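Survey of secondary and tertiary structure
Below, each chain spelled out in residue letters.
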Amino acid sequence: METMLFSPYTIRGVTIKNRIVMSPMCMYSCDTKDGKVRNWHKIHYPTRAVGQVGLIIVEATAVAAQGRISSRDLGIWSDEHVDGLRELASLVKEHGAKIGIQLAHAGRKSEVDGEIIAPSAIPFSEKTRTPKEMTKADIEETIQAFQNGARRAKEAGFDIIEIHGAHGYLINEFLSPLSNRRQDEYGGSPENRYRFLGEIIDAVREVWDGPLFVRISASDYHPEGLTVKDYIPYAKRMKEQGVDLIDVSSGAVVPANIHVYPGYQVPFAETIRREANIATGAVGLITSGLQAEEILRSGRADLVFLGRELLRNPYWPYDAAKELGTAISAPVQYERGWRF
Ligand code: FNR
């Protein structure tokens, strides 16, 4: 059958061979001292490329050392990170996948020793440290760090950049009124809470002309928090600023009980796609080919992002193709074997 899942998708001049995206997932596999690519990354990511994933987005990669979620995260805060990332990108591309990188700053959710920063001096939970309220200089420095990260990602040969604006990390902390109580132009109104992300997008766009994704948390799951409705004007704004796709996740800005079930975040991707007229990615408990095909065919999202299913099964695309009754190509080394 003619599927959408295995149809190519072109975004800002980059063609992804199918609609399957490996969602960014921290591997906690760097040496704690340096955030550099190691053998693990060079095995893990290219394996999914061999598995025929169309686009692989490398885990949250810190634009500042203090912006790491854990001390074992990948980093892109120094020019010394570029060589390892270049090798990783080229290994993935050699197998026909496109490669993206998620640029991140953990803000108040960083578990790394030392000072943590956030829009306001409010801890994530009773069990976590209280961050320092960022000064204007801290804000400028961090925007610059995102720009430097984007420049390095370009030098390393990445096809796509994703800005991590979700899951209660620094950008999300600015967006949500639950974590942003600032009195200056970076807090208060929805426009002011957007300013930090808006300035990061502009700064990245100065050095990056390729496809740009932003991951958001479309719901704070809190009565005073943001909902998908709040993200519609934000998504429109992002589109005007040259963002190509919104990768729609949810939650984690404050502790909350979230009822999860297959496709639980898909309605958010669908709403944003329809209301803001921008391409979206759907993510969250997508595990079967039919489920992925339904999301795409019903116009609920343009790409499907898979996380844990691709940890379990790096060759998931072959299974999905079988499930959908379509044939996909494989590396010549395997195709030869399959003839026997
Ligand atoms: C994640 N997730 C995640 N998200 C993100 O934006 N950046 C990241 O670095 C990580 N890291 C990460 C590590 C691990 C081990 C897991 C399981 C998850 C979230 C992930 O990208 C995805 O959104 C969720 O896992 C939901 O999709 P699945 O797993 O249900 O397909």
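Residues numbered from 1 in each chain as written. Predicted model: local features only at pLDDT ≥ 70, side-chain atom pairs only at ≥ 80, totals over all residues.

**Concerning the site of the ligand**
Around the ligand there are 20 residues in total, and Ser 23, Met 25, Ala 60, Gly 307 and Arg 308 lie nearest to it. Its residues placed into classes, the shell around the ligand shows 9 nonpolar, 7 polar and 4 charged. (Near = placed C-beta within 6 Å. Nonpolar A, V, L, I, M, F, W, Y, C, P; charged D, E, K, R; others polar.)

**Quick look at the UniProt feature "binding site: substrate" (unreviewed entry) in the protein chain**
As recorded in UniProt, the feature "binding site: substrate" (unreviewed entry) lies at Tyr 28, His 164, Gly 165, Ala 166 and His 167. Counting through the fold element by element, Tyr 28 comes out in the loop between β3 (20-22) and α1 (39-50). Ignoring any residue separated from it by four or fewer positions in sequence, one finds Tyr 28 in contact with Ser 70 and Arg 72. As for its position among the elements, Ala 166 is in the loop between β9 (160-165) and α4 (170-175). According to the C-beta neighbour criterion, Ala 166 is buried, with 27 such atoms within 10 Å. Dropping the residues within four chain positions of it, Ala 166 is found in contact with Asn 172, Arg 215, Ile 216, Ser 217 and Ser 249. (UniProt positions renumbered as here; feature names shortened; annotations may be inferred. Helix = DSSP H or I, 4+ residues; strand = E, 2+ residues; numbered from the N terminus. Contact = placed C-beta atoms within 7 Å. Buried ≥ 20, exposed ≤ 12 C-beta atoms within 10 Å, placed from the backbone.)

**Focus: α1**
Taking 1.5 Å of rise per residue, the 12 residues of α1 would be expected to cover 16 Å, and the 17 Å separating its terminal C-alpha atoms lies within 8% of that figure. Buried residues of α1: His 41, Tyr 45, Pro 46, Arg 48 and Ala 49, and no others. Along α1, the residues classed as buried sweep out an arc of 150 degrees about the axis, all on the same side. Facing away from the buried side of α1 by over 90 degrees, the exposed positions are Asn 39, Trp 40 and Ile 43. Summarising the contacts, the buried residues of α1 are in contact with β3, β4 (55-62), α2 (82-94) and α9 (308-312). (Expected span 1.5 Å × (residues − 1). Arc of directions from axis to C-beta.)

**Here's the deal with the packing of helix α3 (residues 136-156) against helix α5 (residues 190-207)**
Running from N to C, α3 and α5 cross one another at 35 degrees; their axes reach a closest spacing of 8 Å. Like other packed secondary-structure pairs, α3 and α5 cross with a definite hand, here right-handed. Facing Ile 139, Ile 143, Phe 146, Gln 147, Ala 150, Arg 151 and Lys 154 of α3, the residues of α5 in contact are Phe 196, Glu 199, Ile 200, Ala 203, Val 204, Glu 206 and Val 207. Here the contact of α3 with α5 is built from residues that sort into 9 nonpolar, 1 polar and 4 charged. (Axes fitted to C-alpha atoms, helices over the stretch in contact; angles between N-to-C directions. Left-handed = near helix turned anticlockwise from the far one by under 90°.)

**Focus on the pairing of β9**
Judged by how many residues are buried, β9 sits mostly within the fold: 6 of 6 residues are covered. Here β9 shows no split at all, with Ile 160, Glu 162 and His 164 on one side and Ile 161, Ile 163 and Gly 165 on the other all buried. Both strand β6 (residues 98-104) and β9 contribute to a ladder of 4 bridges, which runs parallel. Within β9, the residue paired with Ile 101 across the bridge is Ile 161. (Pairing = 2+ DSSP bridges.)

**What to know about unusual backbone geometry**
Backbone geometry at Tyr 221 places phi at a positive 50 degrees, although glycine is not the residue there. The residue Tyr 221 is located in the loop between β10 (212-217) and α6 (228-240) in this model. According to the C-beta neighbour criterion, Tyr 221 is partly exposed, with 18 such atoms within 10 Å. You will see that Ala 252, though not glycine, has its phi angle at about 80 degrees, which is positive. Mapped onto the elements, Ala 252 comes out in the loop between β11 (245-249) and α7 (266-276).

**Details of the pairing of β10**
Extensive coverage of β10 is indicated by the burial of 6 of its 6 residues. On β10, burial covers both faces: Leu 212, Val 214 and Ile 216 on one face and Phe 213, Arg 215 and Ser 217 on the other are all buried. Both β9 and β10 contribute to a ladder of 5 bridges, which runs parallel. Looking across to β10, one finds that Ile 161 is bridged to Leu 212. Both β10 and β11 contribute to a ladder of 5 bridges, which runs parallel.

**Topic: the packing of α6 against α7**
Packing of α6 against α7 leaves a shortest axis separation of 9 Å and a crossing angle of 50 degrees. As the angle between them shows, α6 and α7 are arranged oblique. By crossing handedness, the relation of α6 to α7 is classed as right-handed. Seen from α6, the contacting residues are Val 228, Tyr 231, Ile 232, Ala 235, Lys 236 and Lys 239; seen from α7, they are Phe 268, Thr 271, Ile 272, Glu 275 and Ala 276. Its residues placed into classes, the contact of α6 with α7 shows 7 nonpolar, 1 polar and 3 charged. (Parallel < 35°, antiparallel > 145°, perpendicular 65-115°, else oblique.)

**A short note on the nonpolar core**
Formed by 99 residues in total, the largest nonpolar core has its most connected members in Ile 56, Ile 161 and Val 304. Leave out the neighbours within four places in its chain, and Ile 161 touches Gly 100, Ile 101, Leu 103, Ala 150, Ala 153, Val 204, Trp 208, Gly 210 and Leu 212. (Core = buried A, V, L, I, M, F, W, Y, C linked by C-beta atoms within 7 Å.)

**Considering the confidence of the model for the protein chain**
Averaged over every residue, the pLDDT of the protein chain is 97; residues scoring 70 or more account for 100%. Here the predicted complex carries an ipTM of 0.99, next to a pTM of 0.98. (pLDDT = per-residue confidence, 0-100.)

**So, the UniProt feature "binding site: FMN" (unreviewed entry) in the protein chain**
Here, the residues flagged by UniProt with the feature "binding site: FMN" (unreviewed entry) are Ser 23, Pro 24, Met 25, Cys 26, Ala 60, Gln 102, Arg 215, Gly 307 and Arg 308. Here Cys 26 is to be found in the loop between β3 and α1. Tracing the sequence through the fold places Gly 307 in the loop between β13 (303-306) and α9. Accessibility expressed as a C-beta count within 10 Å gives 18 for Gly 307, which makes it partly exposed. Residue contacts for Gly 307: discarding those within four places in its chain leaves Ser 23, Met 25 and Val 283.

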